[in-house]
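Observations on chain architecture
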Amino acid sequence: MTLSSPLAKLIAAVNVARNVSINMSSLTNPTTVMEEEEVPVAAPIRRGNKNPRRYSLVHQASCETQHHIGIRRQNTIQHRKQLTDQMREQKILQQLNDEGVEVIFAANDVSSIDFSVIVTSTDYISTFVSDILYNMKSAGVQICHVETRESKAVSGHDVLLDCRATKNQLIKAAELLTQNHVALTHFSIFSKKSVEKSQSMIWFPRHISELDQCSKCITKYEPTTDPRHPGHGDDEYIARRKFLNDQALEFKFGDEIGYVEYTEDEHATWKAVYEKLGGLHESHTCSVYRQNLKILQKEKVLTADRIPQIRDVNKFLQKKTGFELRPCSGLLSARDFLASLAFRVFQTTTYLRHHKSPHHSPEPDLIHELLGHVPMFSDPLLAQMSQDIGLMSLGASDEHIEKLATVYWFIVEFGLCKEDGKLKAIGAGLLSAYGELIHACSDAPEHKDFDPAVTAIQKYEDDDYQPLYFVADSIHDALAKLRKYASSMDRPFSVVYDPFTKSIETIQSSADLEKAFSRLSNDLSAITHAADRMKISITA
């Protein structure tokens, strides 16, 4: 028999895993269930950086992924130890893959589970298959499917079996086969629904009020701990920053956003950045940004002399696109930050960059949020693109969160578009940073067409200006490509945002679609009625 394509990929992955050497020295004292602690993000200090951007959403997502991998690895080590008390044959545990350990550990003695087994032997294929079938049957394991092929790892054969069994039956079958077939070299077990199971267990907010659980700051680039921070050693700035962060930490859903009395030094820093960036608006920023900025200025939401209040900005955004800013005290986890976007909520810092470095900030600050994001969140297409990224993140795997954070970073924060044959900024990180805005639109860096699948795996530069920027034909073009990319994501359910209740609906079956279709039907009915009236008016 020959292996099908999906099976070939599975066995190829197993062969790669067999060759991976795992360093166990850092995994001492594991516990079966581990609480997720604050993620320590200690980026290496590089000397001589001109424009360090020490922490970013992409960096945070990568750290979270490694943190979760470490937790799962430690749990597997502990589970493997516990299984030694239940399995008489220790050879099988030495050969068994990590996922196999978790499959056995999670199973119970009452209900059967579906799983796949890949076993390898140097014996004749007929003898090997015969031993497998006999020992599986003796243990009470039900075999649903069998495939074979020549092994790429050893001089022998691989056999794949799709099986159904209880925990005790699975353990007994593994022990019997290991004892009775001496030529056995590898034994791996895989859950047939591992992806769906792992994703279904990932919590995400279902109502906007649950963003209170997504506002924990897990990373701070503090002037108290990092000598590279422009505010390092400035006790007055450090105290002011702490005061504003403490206020942000107290904010809960339903609270009125408080009035912040900014100091004259803070207003002066704001004015310096506001006026200097103004000289680049016509030549370096996209038309959408310029148009919305003019409206913000005309309505006196943004002025050069005074830092606007977040609650006043929210009144403007709510009328334009339904977006709102929510105070937070620093960099959130990538998962929490992206989840907020699904509700058209942008988690924003309230402190300002240090006055000694007004034109570059190595971290998000209020100037970045107000001058970079707010004019773009005033645009319906950019607002929709940001929300789409947020919706794509809900219940996604760590791998997909890292990819979505990278896409967000390169298009919403540092993206460019083409207008009249020239490069113009659409990313908030560029729109609020004088030096990098000039750099990004120049011939110095590399420019590539925006393709979410390519962008999602692009490495970012965290210690200077980016050497590469992605360019969309337009914001509409970027949104269309993003939605196409979303359809390729492997998630066992879809999500729909209900703007009336500000809640998320999950869709897994046709029954779940009824409510969403009902709302859509009402909207279409109103639009159809309006179109009919226009037709009547034209023909009259």
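What you are looking at is a predicted structure, and each value in this text was computed from that prediction instead of being measured.

Another aspect to go through is the sheet that holds strand 3 (residues 157-165). Strand pairs in the sheet, formed through backbone hydrogen bonds, run parallel or antiparallel to each other. Spatially, 2-3-1-4 is the arrangement adopted by the 4 strands of the open sheet, whose pairing is antiparallel. Every interior strand has two partners, whereas the edge strands, strand 2 (142-150) and strand 4 (184-191), have only one. Adjacent strand axes in the sheet meet at a mean angle of 15°, parallel and antiparallel pairs treated alike. In this sheet, strand 3 lies alongside strand 1 (residues 113-121) in antiparallel orientation, the contact comprising 9 bridges. Across the sheet, the residue bridging to Ile 118 is Leu 160, located in strand 3.

For helix 20 (residues 475-486), with 12 residues, the first-to-last C-alpha span of 16 Å sits near the 16 Å given by 1.5 Å per residue. Every buried residue of helix 20 is listed here: Ile 475, Asp 477, Ala 478, Leu 479, Leu 482 and Tyr 485.

For helix 8 (residues 235-250), with 16 residues, the first-to-last C-alpha span of 23 Å sits near the 22 Å given by 1.5 Å per residue. Within helix 8 the residues assigned to the buried category are Tyr 237, Ile 238, Arg 240, Arg 241, Leu 244, Asn 245 and Ala 248. The buried residues of helix 8 all sit within an arc of 165° when viewed along its axis, so they share a single face. Helix 8 presents Asp 235, Glu 236, Lys 242 and Glu 250 as exposed residues on the side facing more than 90 degrees away from its buried surface. For helix 8, the elements touching its buried residues are helix 9 (264-278) and strand 6 (324-327). Its side-chain oxygen placed 3.2 Å from the backbone nitrogen of Glu 236, Asp 234 serves as the N-cap of helix 8.

Attention now goes to the nonpolar core. Counting 80 residues, the largest nonpolar core has Trp 270, Leu 371, Met 376 and Ile 411 as its most contacted members. Tallying contributions element by element places helix 16 (residues 398-413) first for this core, with 9 residues. Met 376 has contacts with Cys 286, Val 288, Tyr 289, Leu 382, Ala 383, Ile 426, Leu 431 and Ile 475, leaving out every residue within four places of it along the chain. Val 101, Ile 132, Cys 163 and Ala 173 belong to the second largest nonpolar core, which has 27 residues in total.

Before going further, it helps to spend a moment on the UniProt feature "binding site: Fe cation" (unreviewed entry) in the chain. The residues that UniProt annotates with the feature "binding site: Fe cation" (unreviewed entry) are His 368, His 373 and Glu 413. Sequence-wise these annotated residues cover 46 residues; spatially they are packed, their C-alpha atoms never more than 10.0 Å apart. Counting through the fold element by element, His 373 comes out in helix 14 (residues 366-377). Beyond its immediate chain neighbours, meaning those up to four positions away, His 373 contacts Phe 346, His 368, Tyr 408, Val 412, Glu 413 and Ala 428. In this structure the side chain of His 373 is engaged in a polar contact, spanning 3.2 Å, whose partner is the side chain of His 368. As for its position among the elements, Glu 413 is in helix 16.

Parameters and conventions
- Residues numbered from 1 in each chain as written.
- Predicted model: local features only at pLDDT ≥ 70, side-chain atom pairs only at ≥ 80, totals over all residues.
- Heavy atoms only, no water.
- Pairing = 2+ DSSP bridges.
- Helix = DSSP H or I, 4+ residues; strand = E, 2+ residues; numbered from the N terminus.
- Axes fitted to C-alpha atoms, helices over the stretch in contact; angles between N-to-C directions.
- Expected span 1.5 Å × (residues − 1).
- Buried < 20%, exposed > 50% of the residue type's maximum accessible area, 1.4 Å probe, protein only.
- Arc of directions from axis to C-beta.
- Contact = heavy atoms within 4.5 Å.
- Polar contact = N/O pair within 3.5 Å; in protein donor to acceptor, adjacent residues only side chain to side chain.
- Core = buried A, V, L, I, M, F, W, Y, C linked by side-chain atoms within 4.5 Å.
- UniProt positions renumbered as here; feature names shortened; annotations may be inferred.

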